[in-house]
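Here's the letter readout for the chains.
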Amino acid sequence: MGLNTQNVNLKMTAGFASQFPKDPLPQIALSGRSNVGKSSLINTLLGRKSLARVSATPGKTITVNFYEVDKKLFLVDLPGYGFAARNHENRKQWSALTDGYFTKNPNIDLVRGVVQLVDSRAGITLDDAMMLEWMNSVDLPYVVVITKIDKLNKTERAACIEKITADALIAEGTPIIPFSSLKGEGKQELWHAIAELSDIKL
């Protein structure tokens, strides 16, 4: 039986590392800056309109959300980074929670990879670069998804994809997927990449 991507539920909204679920399922984390389009991407991937809440205030909610897909896989929505309006305590909480996902996760051995989201209009930011450098340093596999690709015209799109593909920080052989939540572009390619990382059949 393949993966039923319609059979999904929000298993846990964790505000502390101690709340992370211990179910022995492979985990794929979704990482990116605030307002990169992570919630919209999750809703598109899972065929739901409002499973993941699209906040009007990016970065307001600091939780790790575990979406259980067909009781076979966790898609893990990490808090968005790089949101300047956060106060010091918020930034400390974000850092502790995100770091905790990779250091205090009881199933860290089941974290099979990361979907790294990059905004097509912003390109690879300093925060994105730091995340890429860290993943490279610990040999954590990842996929780069270029979000909001529909916001660019044909020339801008080609230039954006070329620039990101050529970035020296991206490990050789890493899939790079242009994605549009509005049009559904990249959805199937991303599912195939997630399935390959997780060793799950679609």
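Residues numbered from 1 in each chain as written. Predicted model: local features only at pLDDT ≥ 70, side-chain atom pairs only at ≥ 80, totals over all residues. Heavy atoms only, no water.

A. Summary view of unusual backbone geometry. If you check the backbone angles, Lys71 has positive phi at about 55° while not being a glycine. Within the fold, Lys71 resides in the loop between strand 3 (64–69) and strand 4 (73–77). Even without glycine at this site, Asp199 takes up a positive phi of about 60°. With respect to the helices, strands and loops of the structure, Asp199 is situated in the segment after helix 5 (187–198). (Helix = DSSP H or I, 4+ residues; strand = E, 2+ residues; numbered from the N terminus.)

B. Structural context of the packing of aromatic side chains. What the rule picks out here adds up to six aromatic pairs. Considering the side-chain rings of Phe20 and Phe66, the 5.4 Å spacing of their centres and the 55° angle between planes classify their relative orientation as tilted. Placement of Phe20 in the loop between strand 1 (8–14) and strand 2 (27–31) and of Phe66 in strand 3 is noted, with a sequence separation of 46 residues between them. The exposure class assigned to Phe20 is buried, which follows from its relative accessible area of 2%. (Phe/Tyr/Trp six-rings, centres within 6.5 Å; stacked < 30°, edge-to-face > 60°. Buried < 20%, exposed > 50% of the residue type's maximum accessible area, 1.4 Å probe, protein only.)

C. Representation of the side chain of Asp128 in the model. In this fold, Asp128 is placed in helix 3 (residues 126–137). Comment: no salt bridge for buried Asp128; closest opposite-charge side chain is Arg33, at 5.5 Å. (Lys, Arg positive; Asp, Glu negative; His and termini not counted. Salt bridge = Lys/Arg side-chain N within 4 Å of Asp/Glu carboxyl O.)

D. View of the nonpolar core. Of all hydrophobic cores here, the largest spans 31 residues; its most connected members are Phe20, Val64, Phe66, Tyr101 and Phe102. Where this core is concerned, the elements lending two or more residues are strand 3, strand 4, helix 2 (88–103), strand 5 (111–119), helix 3, strand 6 (142–147) and helix 4 (154–166). Of the residues forming this core, the biggest block, four residues, is contributed by helix 2. Beyond its immediate sequence surroundings of up to four residues, Val64 is in contact with Met12, Thr13, Ala14, Phe20, Val76, Asp77, Leu78, Pro79, Leu97 and Tyr101. Grouped together as the second largest cluster of nonpolar side chains are 26 residues, Leu30, Leu41, Leu73 and Ile177 included. (Core = buried A, V, L, I, M, F, W, Y, C linked by side-chain atoms within 4.5 Å. Contact = heavy atoms within 4.5 Å.)

E. Structural context of the pairing of strand 5. In terms of burial, strand 5 is a largely internal element, eight of the nine residues being buried. Sheet topology places strand 2 next to strand 5; five bridges connect them, and they run parallel. Residue pairing across strands places Gln27 opposite Val111, the latter belonging to strand 5. Relative to strand 6, strand 5 runs parallel, the two being bridged by six bridges. Note that in strand 6 the partner of Asp119 across the bridge is Thr147. (Pairing = 2+ DSSP bridges.)

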